[in-house]
Amino acid sequence: MHPGPVGIFDSGLGGLSVWREVRKLLPHEPLIYYADSARCPYGPRPAAEIRQFSGEITRWLLDRGCKLIVVACNTATAAAISWLREQFEVEFVGMEPAVKPAAAHTRTGHIGILATRGTFGGAHFQRAVERFAAGVEVHVQPGDGLVELVEQGRLDGPETEALLRRYLEPMLGAGCDQIVLGCTHYPFLLPAIRRIAGPEVQLIDPAPAVARRVRELLHARGLEAPADAGPLLEAFTSGDPASFASVLSRAELAGLRTGYAQVAGFAAN
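It should be emphasised that the depicted structure is a prediction, and the values quoted were computed from it without experimental measurement.

*Asks:* Pulling in residues and values, what's your account of the packing of helix H8 (residues 158–173) against helix H9 (residues 190–197)?
*Replies:* At a closest axis distance of 10 Å, the pairing of H8 and H9 adopts a crossing angle of 45°. Classified by the angle between their axes, H8 and H9 sit oblique to one another. As for how H8 packs across H9, the hand of that crossing is right-handed. Residues Glu 161, Leu 164, Arg 165, Leu 168 and Leu 172 of H8 form the contact with H9, whose own contacting residues are Ala 192, Ile 193, Arg 195, Ile 196 and Ala 197. Looking at the contact of H8 with H9 residue by residue, the classes come out as 7 nonpolar, no polar and 3 charged.

Following this line, the structure appears as structure tokens:
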């Protein structure tokens, strides 16, 4: 047993889709979330800069006693998780591109991946396609602008729907019957995505699989919290705390203890 918290971080609010699944699966585990909203989005940034940010946040979480860290950001996973594992003696769980289940369940032979440019440029994604998508046509679509809409709490509405249609309709027109949400921000757009994609298309959110991996590692390493530990549910942002709290409420994540925090070395640029 280990009473310390599980740390979860993302470039912004998106990783709360992972936080939600971990909370659902492990209700007794204390959780600390860090949203690097002041430096969001990570997608257009160079890999070296993302590694720097990820290292700063990891140190901040370790200073708070975190026993396992979830890199709840596809872009940061692609750019930094191998480096993080070399630098820090703590277990990390990252976001794996959900190419495998999409390729396994397609009936049309066409799958769509909606993700950031940083994710598509990473070796994780390329390896997943090579390993699991042989004989399947993979249609990739960068979701430019979607992260910013989620960060602003604009989860629906004309502008959000127009941008989603621009990205989804070419994949749907190509016959994709599986669409992978390759960024943790995108599950917050699920109602609008479902409305556009229709009932015949399966939308794949990797967050539940990440939560299961967290449970497996905590059990295997003897790091599970005592059942009577009492929940520690804290969420911090490097951005505007009032805006952060407002978006949490609109995303049905009210009730977290929220705060403002900047990591050592922080520079908003």
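We are not done yet, so read on.
*Asks:* Residue-level account of the packing of aromatic side chains, with values.
*Replies:* Under the criterion given, the structure shown has 5 aromatic pairs. Ring centres of Trp 60 and Phe 236 lie 5.2 Å apart, and the angle between their planes is 70°; on these two criteria the pair is classed as edge-to-face. Of the two residues, Trp 60 sits in helix H2 (residues 47–63) while Phe 236 sits in strand E9 (residues 233–237), which places them 176 residues apart along the sequence. Taking relative accessible area as the criterion, Trp 60 reaches 7% and is therefore assigned buried. For Phe 236, a relative accessible area of 17% corresponds to the buried category.

*Asks:* Just give me the short version of the packing of helix H1 (residues 16–25) against helix H10 (residues 207–220), but keep the residues and values in it.
*Replies:* Where H1 meets H10, the closest approach of the two axes is 8 Å, and the angle between their N-to-C directions is 50°. In terms of orientation, H1 and H10 fall into the oblique class. Judged by the twist between their axes, the crossing of H1 over H10 is right-handed. Every residue of H10 that contacts H1 at Ser 17, Val 18, Glu 21, Val 22 and Leu 25 is listed here: Ala 207, Pro 208, Val 210, Ala 211, Arg 212, Val 214 and Arg 215. The residue inventory of the contact of H1 with H10, partitioned by class, reads 8 nonpolar, 1 polar and 3 charged.

*Asks:* Account for the sheet that holds E9, naming residues and giving values.
*Replies:* One open sheet holds the 6 strands; their spatial order is E4-E3-E1-E2-E9-E10, and the pairing between them is parallel. At either end of the open sheet lies a strand with only one pairing partner, and these are strand E4 (91–93) and strand E10 (257–260). Recorded for the sheet is a direction-independent mean angle of 20° between the axes of neighbouring strands. Across the face of the sheet, H1 comes into contact with strand E1 (6–10), strand E2 (31–35), strand E3 (68–71) and E9 while running at roughly 175° to E2. Along the sheet, helix H3 (residues 74–87) makes contact with E1, E3 and E4, crossing E4 at roughly 165°.

*Asks:* Just give me the short version of the sheet that holds strand E5 (residues 110–115), but keep the residues and values in it.
*Replies:* Paired through backbone hydrogen bonds, the strands of a sheet run either parallel or antiparallel to each other. Read across the sheet, 4 strands follow the order E6-E5-E7-E8 without closing on themselves; strand pairing throughout is parallel. Each of the sheet's edge strands pairs with one partner strand only, and the pair in question is strand E6 (137–142) and strand E8 (202–204). Looking at each pair of strands side by side, their axes are set apart by 20° on average, direction ignored. Seen against the sheet, H9 touches strand E7 (178–182) and E8 and runs at an angle of roughly 150° to E8.

*Asks:* With reference to specific residues and values, describe the confidence of the model for the chain.
*Replies:* Across the chain, the average pLDDT comes to 91, with 96% of residues at or above 70. The secondary structure element of the chain with the lowest average pLDDT is helix H11 (residues 241–250), at 78, and the one with the highest is E3, at 98.

Rules used in this analysis
- Residues numbered from 1 in each chain as written.
- Predicted model: local features only at pLDDT ≥ 70, side-chain atom pairs only at ≥ 80, totals over all residues.
- Heavy atoms only, no water.
- Axes fitted to C-alpha atoms, helices over the stretch in contact; angles between N-to-C directions.
- Helix = DSSP H or I, 4+ residues; strand = E, 2+ residues; numbered from the N terminus.
- Parallel < 35°, antiparallel > 145°, perpendicular 65-115°, else oblique.
- Left-handed = near helix turned anticlockwise from the far one by under 90°.
- Contact = heavy atoms within 4.5 Å.
- Nonpolar A, V, L, I, M, F, W, Y, C, P; charged D, E, K, R; others polar.
- Phe/Tyr/Trp six-rings, centres within 6.5 Å; stacked < 30°, edge-to-face > 60°.
- Buried < 20%, exposed > 50% of the residue type's maximum accessible area, 1.4 Å probe, protein only.
- Pairing = 2+ DSSP bridges.
- pLDDT = per-residue confidence, 0-100.

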